[in-house]
Amino acid sequence: MIKVVTSLRYFAMMLVLWGCSSVLEKDTAEYADLISTFDFESSDQLWDGGISDYPLDYEDSTEFVVVNQQLNYSSSVYDGNGMTISAYNPHGDLFYYFKRKVTGLRASTEYNVDFDFLVFSKIDSANVDPSQDIFLKVGAVNFEPRIIEIKSGESQVYLSLNVDKGPDNGDSGSEMINVGSIKEFTSVEAEAISGNTFDEDIRVQSDATGAIWLLIGVDSGLESELTFSLAAITAYYSEILG
């Protein structure tokens, strides 16, 4: 579920969860074994960002930047800090993402992971092709997401993410799911977009140390400079028994 936030009342409720970045005990949520909550008021909380799915010879033209900064969008009801990634999408097929390692889970154990998040999406021009779209995706894996080189044809090399997020922008993969299109919320004036995956089935097996990696990002077909911001995110981990 994805929606635009239009009231400060939303933040009053969510601040109960958005106060720390540690793994909490089971009684903080009735159904979850563990919870991780992150905001970015004081730091990046060990989150990092990147872009993928572009030709190697386009690398200089993407103008890729990741920062932790105040999200002072004029049309937004939120004015706190957040992680922000900006890049130009010259070929209309760019993935913007944030990732973070989480520890403290049971080793080699399968979990269902639910997400609750607040993001922003902004483009530098309203003149985009109506057929182009942008999709928000989330997921979890038990290895570090990183950029790999994939050869296409005889000479073209693409920089891709080593995570299955689906073959096309609007598809889900085995490791990241498509939550939905956020094109109607993406314009020259950023809006606060809240969403969750409570109706989805996201599963991951922790590694031998009890660690996993969380991911959230947008698969964009918009041929424009895009700024994608993560203001807050909560992950709920429920151990799958049997």
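First, a word on scope: everything that follows refers to the structure included in this document. (Residues numbered from 1 in each chain as written. Predicted model: local features only at pLDDT ≥ 70, side-chain atom pairs only at ≥ 80, totals over all residues. Heavy atoms only, no water.)

All right, on to the nonpolar core then. Across soluble globular proteins, you tend to see nonpolar side chains buried next to one another. Val 113, Leu 136, Leu 214, Ile 216 and Tyr 237 are the most contacted members of the largest nonpolar core, which has 43 residues in total. Listing elements by their share of this core, those giving two or more residues are strand 3 (34-39), strand 7 (81-88), strand 8 (94-102), strand 9 (110-123), strand 10 (134-141), strand 13 (176-181), strand 16 (212-220) and strand 17 (225-239). (Core = buried A, V, L, I, M, F, W, Y, C linked by side-chain atoms within 4.5 Å. Buried < 20%, exposed > 50% of the residue type's maximum accessible area, 1.4 Å probe, protein only. Helix = DSSP H or I, 4+ residues; strand = E, 2+ residues; numbered from the N terminus.)

We now examine the packing of aromatic side chains. Considering all chains together, one arrives at 6 aromatic pairs under this definition. By the ring-pair criterion, three or more aromatic residues cluster together here, those being Tyr 31, Phe 198 and Tyr 236. Note that Lys 165 overlies the ring of Phe 95, its terminal NZ or CZ placed 4.7 Å from the centroid. (Phe/Tyr/Trp six-rings, centres within 6.5 Å; stacked < 30°, edge-to-face > 60°. Lys NZ or Arg CZ within 6 Å of the ring centre and 35° of its normal.)

With that settled, the discussion passes to the pattern of salt bridges. Side-chain pairing between opposite charges can occur once the charged atoms of the two side chains come close. Under the definition given, this model contains 6 salt bridges. Across the pair Glu 144 and Lys 99 runs a salt bridge whose closest N-O atoms are separated by 3.3 Å. Placement of Glu 144 in the loop between strand 10 and strand 11 (147-152) and of Lys 99 in strand 8 is noted, with a sequence separation of 45 residues between them. Looking at Glu 144, the relative accessible area reads 43%, which means it is partly exposed. The salt bridge partner of Glu 239 is Arg 106, with a shortest N-O separation of 3.1 Å. One end of the pair, Glu 239, is in strand 17; the other, Arg 106, is in the loop between strand 8 and strand 9, with 133 residues separating them in the sequence. The class for Glu 239 is partly exposed, based on a relative accessible area of 26%. By relative accessible area, Arg 106 is classed as exposed at 55%. Each of Asp 53, Lys 137, Lys 165 and Asp 219 takes part in a single network of salt bridges with overlapping partners. (Salt bridge = Lys/Arg side-chain N within 4 Å of Asp/Glu carboxyl O.)

Bringing the sheet that holds strand 13 into the picture now. The 5 strands lie next to each other as 4-8-16-10-13, forming an open sheet whose pairing is antiparallel. Edge positions in the open sheet fall to strand 4 (48-52) and strand 13, since each of these has one partner strand only. Within the sheet, the average angular offset between the axes of one strand and its neighbour, ignoring direction, is 20°. Relative to strand 16, strand 8 is paired through 9 bridges, and the arrangement is antiparallel. Paired with Phe 95 across the bridge in strand 16 is Asp 219. (Pairing = 2+ DSSP bridges. Axes fitted to C-alpha atoms, helices over the stretch in contact; angles between N-to-C directions.)

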